[in-house]
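# Observations on chain architecture
What follows is each chain in one-letter form.
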Amino acid sequence: MANTIIPGDHLVVKKRAFGEINRGDIIVFRYPKDTSVKYVFRVVGLPRETIEIRGRSIYINGKELNEQRVTVKPDYYFDEGVLRELSTEGSGPYRVFYFSRAEGDESGMPSDLEKGDFGTNGPFQIPDNEYFVMGDNRDNSEDSRFWGTVPRALVFGKPTMIYWSAHRDREGNESIRWNRVFSKIRNY
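Computed from a prediction, not measured in an experiment: that's the story for all the values here.

Definitions and cut-offs
- Residues numbered from 1 in each chain as written.
- Predicted model: local features only at pLDDT ≥ 70, side-chain atom pairs only at ≥ 80, totals over all residues.
- Heavy atoms only, no water.
- Core = buried A, V, L, I, M, F, W, Y, C linked by side-chain atoms within 4.5 Å.
- Buried < 20%, exposed > 50% of the residue type's maximum accessible area, 1.4 Å probe, protein only.
- Helix = DSSP H or I, 4+ residues; strand = E, 2+ residues; numbered from the N terminus.
- Contact = heavy atoms within 4.5 Å.
- Polar contact = N/O pair within 3.5 Å; in protein donor to acceptor, adjacent residues only side chain to side chain.
- Salt bridge = Lys/Arg side-chain N within 4 Å of Asp/Glu carboxyl O.
- Pairing = 2+ DSSP bridges.
- Axes fitted to C-alpha atoms, helices over the stretch in contact; angles between N-to-C directions.

### Remarks on the nonpolar core
Counting residues in hydrophobic clusters, the biggest one holds 19 residues, and the most contacted among them are I21, I27, F29, V43, V133, W147 and V150. Breaking this core down by element, the ones donating at least two residues are β2 (26-30), β3 (38-45), β11 (130-134) and β13 (155-168). Setting aside its immediate chain neighbours within four residues, W147 contacts F29, Y31, P32, K33, Y39, F41, F118, V133 and E142. In this structure, V44, L65, V96 and I126 belong to the second largest nonpolar core, which totals 13 residues.

Shown next, in the form of structure tokens:
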């Protein structure tokens, strides 16, 4: 989910009465293939919609989803887990991140992410009461493209705030990211 949420962030999660789930919301849910594990991803597709992913673009019911796409350096995580931003395109309500590509490579996805089964090889119909979720760090996210949708019953809550954030360097020294402590998680 970098740069929205980065390794070392500790989250406050609003459980139970967190309200309706909308496109763009960040949710915490139990992983459908192992419900003892909790994941955090962004909702991009809603129940009964048709989703298709073509390179860096997502299409919902045939219409391109408006997202702010940020190109980042592929050598991420050297700056305390923060992706190094190079350029931005689009004007969507939230930011998603893609690695920079060699000139002439328009795919926007490394070959291993092009092999997802859901929505990447053609339109995919999202079942009733289920959501299609993706990580904000799109080139480094094994998400609904690979294991399918998230049933509403597995949604645990919505993160609202980072209450603590720290980074451990390669030597094992920990530093607190004071600029992230008590910051709100924004869905936009």
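### What about the environment of T50?
You can see T50 is positioned in strand β4 (residues 50-54). Distance from T50 to F132, taken between C-alpha atoms, is 10.0 Å for residues 82 residues apart in sequence. Residues in contact with T50, not counting those within four places in the same chain, are Y59, I60, N61, P123, F124 and Q125. For T50, the side chain forms a polar contact with the side chain of Q125, separated by 3.3 Å.

### What about the pattern of salt bridges?
In this structure the tally under the stated criterion is 13 salt bridges. A salt bridge links D9 to R177, with the shortest nitrogen-to-oxygen separation between them at 3.8 Å. On the criterion of sequence distance, the pair formed by D9 in strand β1 (residues 9-15) and R177 in the loop between β14 (174-176) and β15 (183-184) is long-range, its members being 168 residues apart. Since its relative accessible area comes to 12%, D9 is described here as buried. Exposure remark for R177: the relative accessible area of 4% places this residue in the buried category. With a shortest N-O distance of 2.7 Å, R180 and D9 are connected by a salt bridge. With a gap of 171 residues between them, R180 in the loop between β14 and β15 and D9 in strand β1 connect regions that are remote in the sequence. Note on accessibility: R180 and D9 belong to one class, buried. Sharing partners across several salt bridges, the network here consists of D9, R177 and R180.

### Section: the sheet that holds strand β7 (residues 68-72)
Taken together, 3 strands build an open sheet; the order of strands is β8-β7-β9 and the sheet is mixed. A single partner strand is all that each edge strand has here, and the edge strands are β8 (85-89) and β9 (95-99). Along the sheet, successive strands turn relative to each other by an average axial angle of 30 degrees, direction set aside. Of the strand pairs in this sheet, β7 and β9 are connected by 5 bridges, and their pairing is parallel. In the sheet register, R69 faces β9, and the bridge partner there is V96.

### Section: the sheet that holds strand β10 (residues 124-125)
Taken in spatial order, the 4 strands line up as β6-β5-β4-β10 in an open sheet, and their pairing is antiparallel. The sheet is open, and its two edges are formed by β6 (63-64) and β10, each paired on a single side. As paired strands, β4 and β10 are joined by 2 bridges and run antiparallel to one another. Residue I51 lies in a different strand from β10, and its bridge partner there is F124.

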